[in-house]
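Per-entry structural report
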Amino acid sequence: MNLIGKKIGLALGGGGVRGLSHIGVLHILEQEGVKINLIVGTSAGSLIGGAYASGQSPREIQKKIDTYLISPEFDDSSLKSIGISFSPAPKTSLQKAQFYLMNRYYLMRAFFRPSLLPAEDFKSLINYLLPDIDIKDTRIPFYAVATDLITGKEVIISKGSLREAVLASSSVPGAIEPVRQGDKLLADGAIISSVPVRAARELGADIVIAVMVGRELPTAANEDVDTATEILYRAGEITSNRLEEVELAGADVVIRPQVGDLHWADFARSGDLVKKGENACRESLDRINASVREEYAPVPLRKRLTGFLWRLFSAEKNK
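Keep in mind that what you see is a predicted model, and the values were worked out from it rather than measured.

Once that is clear, we can look at the overall build of the protein. Scanning the protein from terminus to terminus reveals twelve helices and eight strands. In the protein, buried positions account for 44% of the 319 residues. Total accessible area on the protein stands at roughly 17000 Å², and carbon and sulfur atoms take up 55% of it.

A few words on the pairing of strand β3 (residues 142-148). β3 sits mainly inside the fold: seven of its seven residues count as buried. Residues Phe142, Ala144, Ala146 and Asp148 of β3 are buried on one face, and the alternating residues Tyr143, Val145 and Thr147, pointing to the opposite face, are buried as well. Across four bridges, the pairing between β3 and strand β4 (residues 154-157) is antiparallel. Across the sheet, residue alanine 144 finds its bridge partner in β4, namely isoleucine 157. Linkage of β3 to β4, two consecutive antiparallel strands, is achieved through a turn of five residues, within which glycine 152 is found at a positive phi near 80 degrees.

Moving on to the packing of aromatic side chains. Scanning the model with the defined rule gives one aromatic pair in all. Here tyrosine 68 and tyrosine 128 contribute two aromatic rings whose centre-to-centre distance is 5.5 Å and whose plane-to-plane angle is 50 degrees, an arrangement assigned as tilted. Residue tyrosine 68 is located in helix α3 (residues 58-68), and its partner tyrosine 128 is located in helix α7 (residues 119-129); the two are separated by 60 residues in the primary sequence. Overall, the relative accessible area of 33% leaves tyrosine 128 in the partly exposed class. Lying across the ring of tyrosine 52, arginine 139 places its NZ or CZ 5.6 Å from the centre.

Applying the stated criterion to the full structure yields five salt bridges. Arginine 198 is the partner of glutamate 154 in a salt bridge, and the nearest nitrogen-oxygen pair spans 3.2 Å. Here glutamate 154 is found in strand β4, whereas its partner arginine 198 is found in helix α9 (residues 197-202), with 44 residues between them in sequence. Glutamate 154 sits in the partly exposed class, given a relative accessible area of 23%. Between arginine 201 and aspartate 252 there is a salt bridge, with the nearest N and O atoms lying 2.7 Å from each other.

What follows covers the nonpolar core. Taken as a class, soluble globular proteins show a tendency for nonpolar side chains to be buried jointly. Residues Leu10, Ile39, Ile157 and Ile255 are the most contacted members of the largest nonpolar core, which totals 59 residues. If one sorts the elements of this core by residue count, helix α11 (residues 273-296) sits on top with seven residues. Ignoring sequence-local partners within four residues, the contact set of leucine 10 consists of Leu26, Leu29, Ile36, Leu38, Ile39, Val40, Ile209 and Val211. Grouped together as the second largest cluster of nonpolar side chains are 16 residues, Ala11, Leu38, Val197 and Ala210 included.

Turning to the confidence of the model for the protein, a few remarks are in order. Predicted confidence across the protein gives a mean pLDDT of 81, with 74% of residues reaching 70 or more. Low pLDDT, under 50, characterises residues 298-308; the stretch is placed with one contact to residues that sit more than four places away or in other chains.

Inspection of the secondary structure puts aspartate 188 in strand β6 (residues 184-188). In this structure, aspartate 188 is buried with no salt-bridge partner, the nearest side chain bearing the opposite charge being arginine 18 at 9.5 Å. At 3.0 Å, the side chain of aspartate 188 and the side chain of serine 43 are in polar contact. Setting aside its immediate chain neighbours within four residues, aspartate 188 contacts Thr42, Ser43, Thr147, Ala168, Ser169, Ser170, Ser171, Val172 and Pro173.

Its identity as a non-glycine residue notwithstanding, serine 43 has a phi of 55 degrees, on the positive side. Along the chain, serine 43 turns up in the loop between β2 (38-42) and α2 (44-53).

With that out of the way, let us pick up helix α8 (residues 162-169). In terms of residue burial, α8 counts as a mostly covered element, since six of its eight residues are buried. Along α8, the residues classified as buried are Leu162, Ala165, Val166, Leu167, Ala168 and Ser169. A side-chain oxygen of the first residue of α8 lies 3.3 Å from the backbone nitrogen of arginine 163; this N-cap is serine 161.

Where α2 contacts α3, the two axes come as close as 9 Å, and the packing angle between them is 125 degrees. Considered as vectors, α2 and α3 are oriented oblique to each other. With respect to the hand of their crossing, α2 and α3 are arranged in right-handed fashion. Within the contact between the two elements, α2 uses Ile48, Ala51 and Tyr52 and α3 uses Pro58, Ile61 and Ile65.

Scoring rules and cut-offs
- Residues numbered from 1 in each chain as written.
- Predicted model: local features only at pLDDT ≥ 70, side-chain atom pairs only at ≥ 80, totals over all residues.
- Heavy atoms only, no water.
- Helix = DSSP H or I, 4+ residues; strand = E, 2+ residues; numbered from the N terminus.
- Buried < 20%, exposed > 50% of the residue type's maximum accessible area, 1.4 Å probe, protein only.
- Areas by Shrake-Rupley, 256 points an atom, 1.4 Å probe, with all protein chains shown as cover.
- Pairing = 2+ DSSP bridges.
- Phe/Tyr/Trp six-rings, centres within 6.5 Å; stacked < 30°, edge-to-face > 60°.
- Lys NZ or Arg CZ within 6 Å of the ring centre and 35° of its normal.
- Salt bridge = Lys/Arg side-chain N within 4 Å of Asp/Glu carboxyl O.
- Core = buried A, V, L, I, M, F, W, Y, C linked by side-chain atoms within 4.5 Å.
- Contact = heavy atoms within 4.5 Å.
- pLDDT = per-residue confidence, 0-100.
- Lys, Arg positive; Asp, Glu negative; His and termini not counted.
- Polar contact = N/O pair within 3.5 Å; in protein donor to acceptor, adjacent residues only side chain to side chain.
- Axes fitted to C-alpha atoms, helices over the stretch in contact; angles between N-to-C directions.
- Parallel < 35°, antiparallel > 145°, perpendicular 65-115°, else oblique.
- Left-handed = near helix turned anticlockwise from the far one by under 90°.

Here is the structure:
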């Protein structure tokens, strides 16, 4: 589906390990011949989007991630330990005690350091998956979205190290240390834009396909909003969800893989996520095709004439 004169932009959202479903979406789009002209990624979306934009196929990306998850680097990382602690898989009494102490350690660390996790743990994943190139050298134009903690503004990274850009876009507040770039302190793009639809439009996309892998807002039980911390957390969830829905309204097509409530660091159940992305994309193909047809449908003569006369009238009025 190579459409002349119009750009199809792919906006890949954040969601930690749930972002692996982006691989499945990319596989089906490629299989169906949907030509992507630009990719904008937030957080996990920047990691998978950056890998694909650099020239790797979805299968190559999946194979690299599978290999990394059984590597000594990942096995010894804090990223794996935290993921296991949040996994619903059964744990022995010894494991429960270990994770209790580990969580207490990370809680104390948070009072004295800018992040719970050592930056090296996440950098090892980025370096394993992404080539050491400049963003401008990617095969498909690519942009990473981050948040400047100093100004509170969205930052669209379009130059410099691809790895550094993805690290900045993926620096989950509190978990991964923000990245200093000049006078900016960059953190996770999802703080402002969990699915970068608006950025894709600003960068020239005529048709925007958005992929949302965040958790949908659940209905809370009364006992889940009893304490001050629970109420504050719930308020944050509601705010994030509403902002996300507003941005998604600007997309032509929204793909929502059924990722459930999987924790962002729970790699134990990563195997099914690619398939969930494939299934969701297949279900969205009719909407993608319909959106393309609507964008390219010829404008009726009467409508074109009305538009011309309106522009002519406005020009005369403003003289």
